[in-house]
Amino acid sequence: MTGAATATMSHRKANIGVLLLLSTALPLATAAAMPKLITSANWMLGAEAIAAAVAAVAAGLLLGYAGQLSLGHAGLLGAGAFASGVITSRNGLPFWVGMPTALVVGAIAALIIGLPALRLRGLYLGIVTLVFGIAVEYSVLPGTWLSGAGGSSGFPLPKRVWGSHLLTDSQIDSGIYLTICLVLLVAVCVVDDNVVRTRLGRAMRALKENEAVAAAHGVNVTRYKLLAFVVSGGIAGLAGAMDGHAKYSVSSESYTLLLSLQLLTI
């Protein structure tokens, strides 16, 4: 590695360190210094905005880098949110267990979408993902087999830290949750940035330009298409859990086709 490359790497690590420090310190300092200026609703909006940013990174990774159109990313967010809800509400486990579970569930759901979409591209791929999103919105999430009362009635997502200890809507607890969301956003952005710099990122960009040419140059189109879906789906599932815990509940009405279109717009 050349001196210039080493300096660049050190500069990137320093920037990441500063971002993590600010993401940790600022919410907690704000919660302590300005309790009357920032209401609980504003804290929740901040956490929702961060979750939307994570979801947008997921959608951008699939469409922007790999060129794979998805109109059903809201379904992946819903899958992640409900997975974390089952873990934290039904099984009484902490949300820091529910969030990784949401990531895994989102990745598996994206893999299921990706398998039939391997030979599709453009509008046809968009139709397949659109059908998935509609099926999740109107059939899967409202089912009583998930929440017991039906997804349309809502499903609680407590911020359970451990046992009976929960993060409430108090200033300090809200600051702690916002800190967690900001750290996760930095981590997702670091993953996204490193994907672009690796062989996976180069292969994804080749797929976006021309799949036939990419295959002629030794790119395993099937493998990298599925990887793009899985990585994007995992991040989307995590974003769904972050959003659900910010709102304390989730329902099938939270993850509609409109949300998928909004993510594409972002």
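Please read these numbers as outputs of a predicted model, since none were measured by experiment. (Residues numbered from 1 in each chain as written. Predicted model: local features only at pLDDT ≥ 70, side-chain atom pairs only at ≥ 80, totals over all residues. Heavy atoms only, no water.)

### Details of helix H2 (residues 40-65)
Compared with the 38 Å implied by 1.5 Å per residue over 26 residues, the 37 Å span of H2 between its first and last C-alpha is a close match. The first or second residue beyond H2 is glycine 67, which carries a positive phi of 70°. (Helix = DSSP H or I, 4+ residues; strand = E, 2+ residues; numbered from the N terminus. Expected span 1.5 Å × (residues − 1).)

### Remarks on the nonpolar core
Grouped together as the largest cluster of nonpolar side chains are 59 residues, with contacts concentrated most on Leu77, Tyr177 and Met242. Those elements that place two or more of their residues in this core are H2, helix H3 (73-90), helix H4 (95-114), helix H5 (123-140), helix H7 (171-197), helix H8 (199-209), helix H10 (221-247) and helix H11 (257-265). With sequence-adjacent residues up to four places away left out, tyrosine 177 is seen in contact with Ala47, Phe95, Met99, Lys159, Leu167, Ala241, Met242, His245 and Ala246. (Core = buried A, V, L, I, M, F, W, Y, C linked by side-chain atoms within 4.5 Å. Buried < 20%, exposed > 50% of the residue type's maximum accessible area, 1.4 Å probe, protein only. Contact = heavy atoms within 4.5 Å.)

### Some words on the confidence of the model for the protein chain
Regions with low pLDDT carry predicted coordinates that are not meant to be interpreted in detail. Looking at the protein chain, the pLDDT average stands at 83 and 91% of residues meet or exceed 70. Averaged pLDDT values for the elements of the protein chain fall to 56 in helix H6 (residues 144-147) and rise to 92 in H4. (pLDDT = per-residue confidence, 0-100.)

### Some remarks on the packing of aromatic side chains
According to the stated counting rule, one finds two aromatic pairs in the structure shown. Aromatic pair phenylalanine 95 and tyrosine 177: ring centres 6.0 Å apart, planes at 70°, arrangement edge-to-face. Of this pair, phenylalanine 95 sits in helix H4 while tyrosine 177 sits in helix H7; the two residues are 82 residues apart in sequence, bridging distant segments of the chain. Accessibility assignment for this pair places phenylalanine 95 and tyrosine 177 in one class, buried. Between tryptophan 96 and tryptophan 162, the aromatic rings sit 5.7 Å apart at their centres with planes inclined by 15°, giving stacked as the arrangement. Here tryptophan 96, found in helix H4, pairs with tryptophan 162, found in strand S2 (residues 160-162); they are 66 residues apart in sequence, far enough to count as distant. Its relative accessible area of 59% is what places tryptophan 162 among the exposed residues. Sitting above the plane of the tyrosine 177 ring, lysine 159 keeps its charged end 4.8 Å from the centroid. (Phe/Tyr/Trp six-rings, centres within 6.5 Å; stacked < 30°, edge-to-face > 60°. Lys NZ or Arg CZ within 6 Å of the ring centre and 35° of its normal.)

### Some thoughts on the pattern of salt bridges
In the structure shown here, the tally under the stated rule is two salt bridges. Salt-bridge contacts for aspartate 193 lead to arginine 197; the nearest nitrogen and oxygen are separated by 3.0 Å. Separated by four residues within a single helix, aspartate 193 and arginine 197 lie in helix H7, roughly one turn from each other. Its relative accessible area of 27% is what places aspartate 193 among the partly exposed residues. For the salt bridge of lysine 247 with aspartate 243, the shortest nitrogen-to-oxygen distance reads 3.2 Å. Taken together, the residues lysine 247 and aspartate 243, both in helix H10 and four residues apart, mark about one turn of the helix. A relative accessible area of 10% means that aspartate 243 is categorised as buried. (Salt bridge = Lys/Arg side-chain N within 4 Å of Asp/Glu carboxyl O.)

### Observations regarding a positive patch on the surface
Taken together, the side chains of Arg199, Arg202, Arg205 and Arg223 present a region of like positive charge at the surface. No other element matches the three residues that H8 contributes to the positive patch. Mapped onto the secondary structure, arginine 223 falls in helix H10. (Patch = residues over 30% accessible without salt bridge, like charges linked within 9 Å, V, L, I, M, F, W, Y side chains within 5 Å. Areas by Shrake-Rupley, 256 points an atom, 1.4 Å probe, with all protein chains shown as cover. Lys, Arg positive; Asp, Glu negative; His and termini not counted. Charge placed at Lys NZ, Arg CZ, Asp CG, Glu CD.)

### Focus: the side chain of arginine 160
Here arginine 160 shows up in strand S2. Look at arginine 160: it is buried, it has no salt bridge, and the nearest opposite charge is aspartate 173 at 13 Å. Of the polar contacts made by the side chain of arginine 160, one reaches the backbone oxygen of threonine 88; its length is 3.2 Å. The contact partners of arginine 160, leaving out residues within four places of it in the chain, are Thr88, Gly92, Leu93, Pro94, Phe95, His165 and Leu166. (Polar contact = N/O pair within 3.5 Å; in protein donor to acceptor, adjacent residues only side chain to side chain.)

### Section: unusual backbone geometry
Positive phi, normally seen in glycine, also occurs at tyrosine 248, with a value near 70°. The topology assignment puts tyrosine 248 in the loop between H10 and strand S4 (249-250). According to the relative accessible area criterion, tyrosine 248 is partly exposed, its value standing at 31%.

### Let's talk about the environment of leucine 238
The residue leucine 238 is located in helix H10 in this model. Residues leucine 238 and isoleucine 176, 62 residues apart in the sequence, show an inter-C-alpha distance of 18 Å.

### With respect to the side chain of aspartate 173
You can see aspartate 173 is positioned in helix H7. Of the side chains with opposite charge, lysine 159 lies nearest to the buried aspartate 173, which makes no salt bridge, at 8.7 Å. Leaving out residues up to four positions away in the same chain, aspartate 173 has contacts with Leu166, Leu167 and Thr168.

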